[in-house]
Every structure is written in C-alpha cells, then in structure tokens.
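Each chain, letter by letter, is given below.
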Amino acid sequence: MPPILRATLLCSVAFATANAPAKAAATKPNVVLVITDDQGYGDLHCHGNPYVRTPNLDHLHAISIRFTNFHVSPTCTPTRAALLTGRYPNATGAWHTIMGRSLLAPEEVTLAECFLASGYRTAIFGKWHLGDNYPLRPQDQGFEVTLVHGGGGIWQTPDFFGNDYFDDTYLLNGRPQKFRGFCTDVWFSQAIEFMAACQRRGEPFFCYIATNAPHSPYWAPEQYLALYRDIKGLRDPGFYAMITNIDDNMGKLMDFLETSGLDQNTILIFTTDNGTAAGHSVFNAGMRGAKGSPYEGGHRVPFFIRWPKGGLVGPRDIDILAAHIDILPTLIELCELRRPAGPPLHGQSLRPLLYERSPRWPERVIVVDSQRLDELVKWRQAAVMTQRWRLVNPSPDGDPSRLELYDITQDPGQQHNVIARYPQVVSHLMAEYERWWQSVSVRAEQYVRIVIGCDAENPVKLTCHDWHGDGAAECWNQAAIRRGPAVNGFWAVRIAQSGWYRFELRRWPKELDLPLSAPYHDPEPNRESTPGRAIPIRRARLKIAAFDRAITVGPLDRAAVFDVYLSEGPYSLQTWFYAADGSERGAYYVYVERLSAESATTVGTHSKGPH
C-alpha cells in the first residue's frame, strides 16, 4: 500500500481518538464482525461443499460456537439494517436494496453508536448500503473511521465511476481516495491497520468488515479464478474465487489477532447477509431456494462466534432458532454496552444459549421477508419460523392463498407441503404474522429522506440508485448508466434550511467531466465492457416544490444548472433530459449545493460548459 494511504488512515484513527479519554482495552473485549455478501450456508467446505476451498474459515468453524439455525433477510440491505439495529428492517425504512428504500432511518440506533457511547473506537471497511448521503452515511451513524464503496457494491451507480474491484477509488472518511489492490484485500488490510493503531493506544475497538464480495459482478484475481474454471455446472468461477480470496484474508486476520495477542479478548464473528447467489447451482447444503427466496436457502446462513477470554470456544453447535435481530442485543450484553435512547428492540440476547447448556429458552416466532419494492406488500415472499415450522408464502404479490407449511425438523429440504394437515398450526402462525406486520409496517407510507443543505454534506450528490419508482430498477449499476436507459423517478429529500440552492443535472458523474451528450470510453482497460452511449440531450427540466422549469443545453455542456430558492421542509425532486431522438430520461446524477450569501447574488438558470 502506498505510504500516503497508510498515513491517511492512521491519522484518521488518531483524530478520532485524540479527544477521547484513553480506555483500558484489557477489560473491554474488542469486537470484529465480518459479514460477506451473497455467500450462503452451503458456500463453505466445512458445511459439506466439496468444491469451494475455505481452509481458514473451516478452522474458525472448528474452534467456534456455531449457530446452525441462524437466519437473516433474503437480501443485502434488510439484513444490514437488522444486524446493526436489532430491529426488523421493514420498521427501519430499509427494506429494499434500491428505490430510496435502502436508506436507514436516522433515528434508528446502530451497533456502532452503542459501541461509541461505551468508549470504543469504531470503524467500517467495505459495504455500508444503508444510505450515501447525510444523515444516513456510516460516519453519521456511529462509525468514526469509514472506508467504503458507494451504494450496494463496487460498480453500482453511487460508486466512483469506473471502479472494477482492482486499484479502485473508495471513500475514506467521506473523501475519495485511490487504493491499490483487489477490493477484499484492501478492506482487510486497512482493518488490520485500524486494529493495530487502536492496540497501540490501548483502546477497545469495534471493527466491522463488510465485504462486497462475492456479490456480482464476479471479478476476482486470476490465481483464484484458475481454481474453479473446470467445475461443471458452477454459474461463474468468480463466485467461488472471491470466497477463497475472502478465506485467505480471514486467515491473515486471525494470524494478526493471534500474533498481536488480541485474539484472547476479541469477539470474532463471521456471518453472511443472505443465501447464496450463485453456489446453489452445484451445492446448497440440501436446502431449497437461494438469495431472495423465502425458502430456507434464501435466509439460513452461517454464524460463528469465538471469544476465548469469555469462554466462547468450540467446537459446539447450537441449533436453536436465532436471527440477525439478535446480534445487537447479544453484543450489548456481552460487552456491557450502553444503548442510546431509540426505538424498541425486536431481537433478544443469545447470551443464555452461549453460556448455559440447558437454558430456559421460550418458543419464539421469527419472520423474514423479501420486499424488493418501493411500497411494502403484506405477506410478500415471507417466512414465518419457529423451531419446528416454516410457514412460507412464495407469492411476489402477497397472495395468502399461496401459503405453504413445512415441518423443518422432518423435511429440511422443504419438499412436502403439509398445510392441509395442520390447520391449527397455520392459524397460529398467521396470527403471529399479523402481530408482526402491525409492529413493523409503521413506515409503510413514510419516506426516509435525504437531507440537503446541511454543513455536514454540502454539496450533495444524488444518484438514480435512490430514485423512488420503478426507474431505479433499470439504472442501479454503472453498466446501465453506460447504456443510458430511458427511465425516471424522483428523490425524497428534505431541505435543511431556507435559502438559495444550485442544482446541477448531469448524465455522467462529475469525476468523468464529460458533456451531457458525450459517449464514454474507458481511459484504460476495465472489466466492465459496456460502451458508454452518447445521448443527444437538447433540453433539461427540474421540478421541486413550485419550481418547474426547462432550459436548452448545448452539445458541450457538462450540466444543466438551476438556481432555486427553497424553504425548509420535505419535497419530491424530479428531473428530465429530453433528447433529439424523442426519448426522455431522468438525470442519473444531480449535485445540489446550498449557496452562501455571496454566491446567492449571482443566481440564475443556465447550462455549464467545459472548464
């Protein structure tokens, strides 16, 4: 790693800790929480997979306590919201991965805020996927050191344009910074630097390593790809290649913890965010379904926990039903954290299961669902779970007549629907679902709004990834931006203070500095081969509050610029580009700046040409 990058990160750690009293790390356990993206329960050799190579995770499995009946949401953002808040994701506003529904409501209390309030240093490395703008960014939600990509993955629309997993530009404490190497290698190496710096200062830490791998696109270093090209039936060798690269980095992490002496008093957790995205084509541990599915393969995932000083060592399996909502209350109890005031928790601490061989553990019902829509739909792709039963609705429109019932203790592969045989069980689980729905659907008609005009983020970069409406489904990644689909949507925003605001509407992000109508050609070879299409944009339009105006733009203009006076409050923001070929689409990127008193004297509506 270039020396300047190392210095930047370590300085950020020093800044975060300079004004805090030193804490004795000897008494507080450190916490390292590793969560991978789209890796399912069956994507580990220790779970019976004969194809994937995971020797370091196999070793962690052998020395850890393993929850074998652990469940998360069937997709990325909802799991992260539940893990970090201890609450069901539908209640937090973060129930989808795009469409403005991947945004975590700012009043939610995160795990990082609990650790920060309890004297810990906090850091995230990798994937956040709960909002890219104030007050929704990781640095707004309790993380002091942040090294993240944009959106839900590298190469998605909010991410730095042209990133392709290798030698990319990420956001280090909110500022773009180029790093050398493969993305997963960067996350782990920088996390180790952070932990080493905390150890030198004698301060406990919470280190959240959330890899974007093995999420698609399946780009991986060649030495890992070569291991899997000959596996017949595997959807893409890059999927397993990225998992083996993660495994190598887990080995480096565990070696660091051991050689530094941190391993004994560090709680190390490994888990994943949903069922497999690609491994089920060759192995799925006997489960039905994959990522996005309400069947077991969509949401049952590995969960390993180890803390030698706390007596949490393995091998030991716990087969009691547990879920992502339980992680925060468990760590609060294990680490004696203070949770700031906030909404009530839905999860419960797993401490009795960890420490008591025969705990008094009441029967509980856990619900997961896959919304993936702008608006919540009752019963949509839901699973109502108890220790024995799974009441499943695979319907994408929530049709209750599609309900299925499985006895998971007798039918782990969910092949035999027994709904007709157990009407009382069905009635009970349906009633439990109704109670659950009433408690988690409180935000069904509310927007989590991006705030514009705060000093914490000015200017603000908006992307079509966060449009409300179906348009976001067509332009959430950079391959789509290159194609230039004719789609649109609106942003739900809140103006923080009354004043003049400058809106720059762009077809390409600022870092490319391209005219609105220009094509895009990669300056150097890129793994994303989709050409950047030229669109003959002739007019641009902005609508917010009572302002609704269109202007003409020229072939060399980089942006269409509108200056608007806005009063404080909530708004819908929508844009249009009109092309010479008759097509229209929204501006994929909009930059909004609250103008200073001096700048406000030169306001106007115009186009922005070359520098």
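From a predicted model like this one, the values you see are computed outputs, not experimental measurements. All residue numbers refer to positions counted from 1 along the written sequence of the respective chain. Reporting of local features is limited, given that this is a predicted model, to residues whose pLDDT is at least 70; pairs of side-chain atoms are given and counted only at 80 or more, and all residues count toward the totals for whole chains, interfaces and linings. Working from all heavy atoms in the structure, the side-chain values ignore hydrogens and water.

Enquirer: Got a minute to help me understand the packing of aromatic side chains in this structure?
Expert: Ring pairs (aromatic) are described by centroid distance and by the angle formed between their planes. Each pair of aromatic rings taken from Phe, Tyr and Trp, with Trp reduced to its six-membered ring, is defined by centres within 6.5 Å and is described as stacked if the planes are under 30 degrees apart, edge-to-face if over 60, and tilted in the remaining cases. Counted under the stated rule, the structure contains 36 aromatic pairs. A centroid spacing of 5.9 Å and a plane angle of 80° characterise the contact between Tyr447 and Phe490, whose relative ring orientation is edge-to-face. Within this pair, whereas Tyr447 is found in the loop between helix 12 (423-440) and strand 17 (450-452), its partner Phe490 is found in strand 19 (residues 490-495), the two being separated by 43 residues in sequence. Residue burial is assigned from relative accessible area. The probe radius is 1.4 Å, only protein chains are included, and a residue is buried under 20% of its type maximum, exposed over 50%, and partly exposed in between. For Tyr447, a relative accessible area of 32% puts it in the partly exposed group. Taking relative accessible area as the criterion, Phe490 reaches 21% and is therefore assigned partly exposed. Residues Trp508 and Tyr520 carry aromatic rings whose centres are separated by 5.8 Å and whose planes lie at 45° to one another, so their mutual orientation is tilted. Of this pair, Trp508 sits in the loop between strand 20 (499-506) and strand 21 (537-544) while Tyr520 sits in the loop between strand 20 and strand 21, and the two are 12 residues apart along the sequence. The pair formed by Trp508 and Tyr520 is uniform in burial state, with each residue classed as buried. Among the aromatic residues, ring-to-ring pairing joins Phe115, Tyr120, Trp128, Phe143, Phe206 and Tyr208 into one connected group. As a reminder, the over-ring test applies to NZ of lysine and CZ of arginine, requiring each to be within 6 Å of the ring centre and within 35 degrees of the ring normal. A cation sits over an aromatic face here: Arg300 above Tyr41, 3.9 Å from the ring centre. Directly above the ring of Trp508 sits Arg507, whose terminal nitrogen or CZ lies 3.7 Å from the centroid. Each helix is a run of DSSP H or I of at least 4 residues and each strand a run of E of at least 2, with the numbering of both proceeding from the N terminus.

Enquirer: Hey, could you run me through the sheet that holds strand 16 (residues 404-407) in this one?
Expert: Pairing is antiparallel in the open sheet, where 4 strands are placed in the order 13-14-15-16. Edge positions in the sheet fall to strand 13 (366-369) and strand 16, since each of these pairs with one other strand and no more. Direction aside, neighbouring strands of the sheet carry axes that sit 15° apart on average. Sheet topology note: the strand 13/strand 14 (residues 382-385) ladder contains 4 bridges and is antiparallel. Note that in strand 14 the partner of Val368 across the bridge is Ala383. Working rule for contacts: check all heavy atoms of both residues, and any pair within 4.5 Å makes them a contact. To define axes, lines are fitted to C-alpha atoms, for helices over the stretch in contact only, and angles between the resulting N-to-C directions are given on a 0 to 180 degree scale. With respect to the sheet, helix 12 is in contact with strand 13, strand 14, strand 15 (389-393) and strand 16, its orientation differing from that of strand 15 by roughly 65°. Here, a strand pair is defined by DSSP locating no fewer than two bridges between the strands.

Enquirer: Honestly, the layout of surface pockets in this entry has me stumped. Any pointers?
Expert: The probe, sized like a water molecule, is rolled over the atoms to show the empty space still left. Cavities and pockets are defined on a 1 Å grid built over the protein atoms alone: a cavity is a set of grid points where a 1.4 Å probe fits but cannot escape, while a pocket is an open set with protein on both sides within 12 Å along at least five of seven lines, and lining residues are those with an atom within 4 Å of any such point. Grid points are joined across faces, edges and corners, and a volume is the space filled by probe spheres set on the points. Each pocket or cavity is described by its volume, and for the largest pocket that value is around 840 Å³. Contributions of two or more residues to the lining of the largest pocket are made by strand 5 (145-148), strand 6 (169-172), strand 7 (175-178) and strand 18 (460-463). When grouped by side-chain class, the residues that make up the lining of the largest pocket number 13 nonpolar, 11 polar and 9 charged. Think of it as three bins: nonpolar holds Ala, Val, Leu, Ile, Met, Phe, Trp, Tyr, Cys and Pro, charged holds Asp, Glu, Lys and Arg, and polar takes everything else, Gly as well.

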